[in-house]
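# Results of the structural survey
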Amino acid sequence: MPRNASLIDVRWLVLSTAFLGVCTSTTCLGSQAEPTFQAETISSWRTLHSRTGWSIQYPSSWTTWSCHNCPDSTASGVYVTFGVLSTDDGTVMVYPLADKPEDQSVPHWLDEVKRSANLNPIFNEQPVSVNGLPGLRVRYKSTSPDIEMDVTYLVAGSKTYEISFDRGSQGKRLEDLPNYDVYRRMVETFRVVNREAR
C-alpha cells in the first residue's frame, strides 16, 4: 500500500464523518432544512379558526377531531387533532396550555413548560419564532417505552399553545413519516388572529 494511501483513507473517513454529521443534522432540531412535502400546496389547505383566537391550516384531505368526541372542535379550551384516521403516519395536535404568569419572562416560562407539559426525556430543543410569536421546539425521546414526539410551544401574550406531532407507529423515526413534513408546514401557518385572546 502506498504511504499516502492511509492518509487518504483517514481524510476520507474524516470528511465522511463530517458529511454524515451534516446529513444527520437535517433530522435534528437545529436544522433549517425546508420540509419536502409537495403533495398539496398550502394554498389549497383548509383553515381551522378556534373561537379562542388562533388559527392553523391543514391539508384538505385530513380530518379533525377533538377531546372525547367534542362536537365543536373550534370551542375554547379543547385540543384539536389533525390527521387521516385510516393511516398510521402520525398526527398533529394543537393544545391550549396554562397562561403565562405576568411576572415571568417568555424564555423562563418556556423552560418551565417544556418540563411540565411533557414528562418524557428531552432529546433536543431549539428556540423558534412563528409569525412573530416566540416559542420553543422540543424533541422528546424515550426508549422504554418507545416514544418520540416533536412539540412546538408558542406564547402569544399570556396565552401558551402546544403544537405536537406524534408518530402513530413505534420503531419509525419521525422524519421517516410523510406527515412529519406536513406538521412542520402546519406550524408555519399558526396564527393568533384575535388580539384580545393574546
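Here's a quick rundown of the structure. These numbers were taken from a predicted model, which means no experiment stands behind them. (Residues numbered from 1 in each chain as written. Predicted model: local features only at pLDDT ≥ 70, side-chain atom pairs only at ≥ 80, totals over all residues. Heavy atoms only, no water.)

Looking now at the packing of aromatic side chains. Per the stated rule, a full pass over the model turns up seven aromatic pairs. Judged by centre distance (5.8 Å) and plane angle (25 degrees), the rings of Trp54 and Phe190 are stacked. Of the two residues, Trp54 sits in strand E2 (residues 54–58) while Phe190 sits in the loop between helix H3 (178–188) and strand E10 (191–192), which places them 136 residues apart along the sequence. Taking the relative accessible area as the measure of exposure, Phe190 reaches 0% and is therefore buried. (Phe/Tyr/Trp six-rings, centres within 6.5 Å; stacked < 30°, edge-to-face > 60°. Helix = DSSP H or I, 4+ residues; strand = E, 2+ residues; numbered from the N terminus. Buried < 20%, exposed > 50% of the residue type's maximum accessible area, 1.4 Å probe, protein only.)

Below, the discussion takes up the pattern of salt bridges. Tallied over the entire structure, the rule returns nine salt bridges. Here Asp150 makes a salt bridge to Arg139, at a shortest N to O gap of 3.0 Å. A residue pair is termed long-range when its members are at least 10 positions apart, and Asp150 in strand E8 (residues 146–156) and Arg139 in strand E7 (residues 133–143) qualify at 11 residues. Residue Asp150 shares its accessibility class with Arg139, and that shared class is buried. One salt bridge connects Arg139 with Glu175, and the closest N-O pair in it is separated by 2.8 Å. Placement of Arg139 in strand E7 and of Glu175 in the loop between strand E9 (159–166) and H3 is noted, with a sequence separation of 36 residues between them. If you follow the salt bridges from partner to partner, you end up with Arg137, Arg139, Glu148, Asp150 and Glu175 in one network. (Salt bridge = Lys/Arg side-chain N within 4 Å of Asp/Glu carboxyl O.)

For the rest of this paragraph, the subject is the environment of Arg139. For Arg139, a relative accessible area of 3% corresponds to the buried category. A C-alpha to C-alpha distance of 5.2 Å links Arg139 and Asn124, two positions 15 residues apart in sequence. Within polar-contact distance, the side chain of Arg139 engages the side chain of Tyr180 at 3.1 Å. (Polar contact = N/O pair within 3.5 Å; in protein donor to acceptor, adjacent residues only side chain to side chain.)

With that settled, consider the environment of Val130. Positionally, Val130 belongs in strand E6 (residues 122–130). Take Val130: its relative accessible area is 8%, and that puts it in the buried class. With 25 residues separating them along the chain, Val130 and Val155 place their C-alpha atoms 9.8 Å apart. Apart from the residues within four sequence positions on either side, Val130 is in contact with Leu154, Val187, Glu188 and Phe190. (Contact = heavy atoms within 4.5 Å.)

A separate point is the sheet that holds strand E1 (residues 46–49). As summarised here, the arrangement of the three strands in space is E1-E2-E10, forming an open sheet in which the pairing is antiparallel. Single-partner strands in this sheet number two, and they are E1 and E10. Where E2 and E10 come together, two bridges link them in antiparallel fashion. Each bridged residue has a counterpart across the sheet, and for Ser55 the counterpart in E10 is Arg191. (Pairing = 2+ DSSP bridges.)

A separate point is the environment of Val151. Looking at the secondary structure, you find Val151 in strand E8. Put simply, Val151 and Glu162 are 11 residues apart on the chain and 6.7 Å apart in space, counted from C-alpha to C-alpha. For Val151, the contacting residues outside a window of four places in its chain are Leu136, Arg137, Val138, Tyr140, Glu162, Ile163, Ser164 and Tyr183.

Counting residues in each nonpolar core, the largest one holds 26 residues, and the members touching the most others are Trp54, Ile56, Phe82, Val92, Ile163, Met186 and Phe190. Broken down by element, this core gets its largest block of residues, five residues, from H3. Not counting residues up to four positions away in its chain, the partners in contact with Ile163 are Ile56, Val92, Met93, Val94, Asp150, Val151, Thr152, Leu154, Tyr183, Val187 and Phe190. With 11 residues, the next largest nonpolar core counts Leu97, Val113, Met149 and Tyr153 among its residues. (Core = buried A, V, L, I, M, F, W, Y, C linked by side-chain atoms within 4.5 Å.)

Bringing unusual backbone geometry into the picture now. For Asn131, which is not a glycine, the phi torsion comes out positive at approximately 50 degrees. Relative accessible area serves as the criterion here: at 40%, Asn131 is assigned to the partly exposed category.

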